[in-house]
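# Coordinate analysis (summary)
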Amino acid sequence: MSLKRLLFRGAVRGLELLHRMHGLKGCYRVNLPLVEQPEKWLDLITIAFNNQSIINHQIKYVRAHVKDNFTYIVADNSSNPEASRQIRELCEREGVAYIRLPKNRLGMIGPSYSHASALNWVYRKIVKQRKPAYFGFIDHDLFPVRDVRVADYLQKQPVYGVKRARGKEWYLAAIMFFYRFDFVKDKKMDFMPVTPTDEYLDTGGGNWYDIYSRMNMDEMEFASVYTENFREGNLRHQDQVEIFDGRWLHTINGSYWLKVESKEDKIEGLIEKYEKELNV
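The text that follows walks through the structure, step by step, so that each part is easy to find. For every chain, the first residue of its written sequence is number 1, and the numbers climb from 1 along that sequence. Selection of residues for local features in this predicted model requires a pLDDT of at least 70, selection of side-chain atom pairs for listing and counting requires 80 or more, and totals for whole chains, interfaces and linings are taken over all residues. Side-chain metrics in this entry use all non-hydrogen atoms of the structure; hydrogen atoms and water are not considered.

## Re the environment of proline 111
The line we're drawing: Helix and strand labels come from DSSP, where a helix needs a run of H or I of at least four residues and a strand needs a run of E of at least two; each type is numbered from the N terminus.
With respect to the helices and strands, the residue proline 111 is situated in helix α4 (residues 111-130). On a C-alpha basis, the gap between proline 111 and valine 127 in space is 22 Å, while along the polypeptide they are 16 residues apart.

Below, the structure written as structure tokens:
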């Protein structure tokens, strides 16, 4: 490993350690008891970031289409205080479980690292205390548009989601991934981007070491992926949507970390369009 990479890795881990040192004390939360959950329970978690509007849509469609016994949790990683206030007030009005995460300095390095640090924090501080039978993270711009039971994904295998293959390595993308808690509870979970050999594994890739490298990718099932344009142009983060398993609509780049033409006025119409088309 080059000196440059070693220094970068040290900076990332140092900033994440500072983030991890923040416990639950001082984190504003509502409707989120930190007690062990009933048998066959699902914790479905989203990392919110600076966009109240899409959380509003996600609440509506998760409630409409997720058929597990579940708790939907909004973990707020916003960098904008006003956006965070709007998300918090929305969750309070809707009776949704909410927690404001500690200040996340990994955003100085990049959005993938900020997102990964938030995932790590939530897993260690929330999931490991609640011990749900199943848990999963979905992007805040991912919406179920057909009925889905997450537990069904995990009957034949202990992990499921959107696969990203990089040479001989693979991982589940942070867009959507689900786990059986009993399978991972004693493993070293790490959602940080990593480069095990020559290939970069984005957010979620750190789980290659203790989880994915020990599983046979060819014997597993993963979410199907279909991409199409919803307006003129061919930019993934601006003009396209992804559909997973014919059930989940990903409108992509909901935090506008990549500055593109706004699509806020089209989100509701897109969800309704695919909800109608995919339920035929």
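After that view, the rundown keeps rolling.
## Brief notes about α4
Going by this rule: What a helix should span is 1.5 Å times the count of its residues minus one. The seven residues ending at a residue and the seven starting there each receive a fitted axis; the angle between those axes is the bend at that residue. Burial here depends on accessible area, computed with a 1.4 Å probe over protein chains only, as a share of the maximum for the residue type. Under 20% is buried, over 50% is exposed, and the range in between is partly exposed.
The end-to-end C-alpha distance of α4, which contains 20 residues, comes to 27 Å, matching closely the 28 Å that a straight helix rising 1.5 Å per residue would cover. Remark: the principal bend of α4, roughly 35°, maps to tyrosine 123. For α4, a buried count of 15 out of 20 residues is recorded, marking the element as mostly surrounded by other parts of the structure. After α4 finishes, the residue lysine 131 shows a positive phi value of roughly 50°.

## A look at the pairing of strand β7 (residues 159-166)
The cut-off we apply is this: Here the rule is simple: two strands pair whenever DSSP picks up at least two bridges between them.
Relative to strand β8 (residues 169-180), β7 is paired through seven bridges, and the arrangement is antiparallel. Each residue of the ladder has a partner; that of glycine 161, found in β8, is phenylalanine 177. Counting the residues that bridge the hairpin from β7 to β8 gives two residues, and of these glycine 167 lies at a positive phi of roughly 65°.

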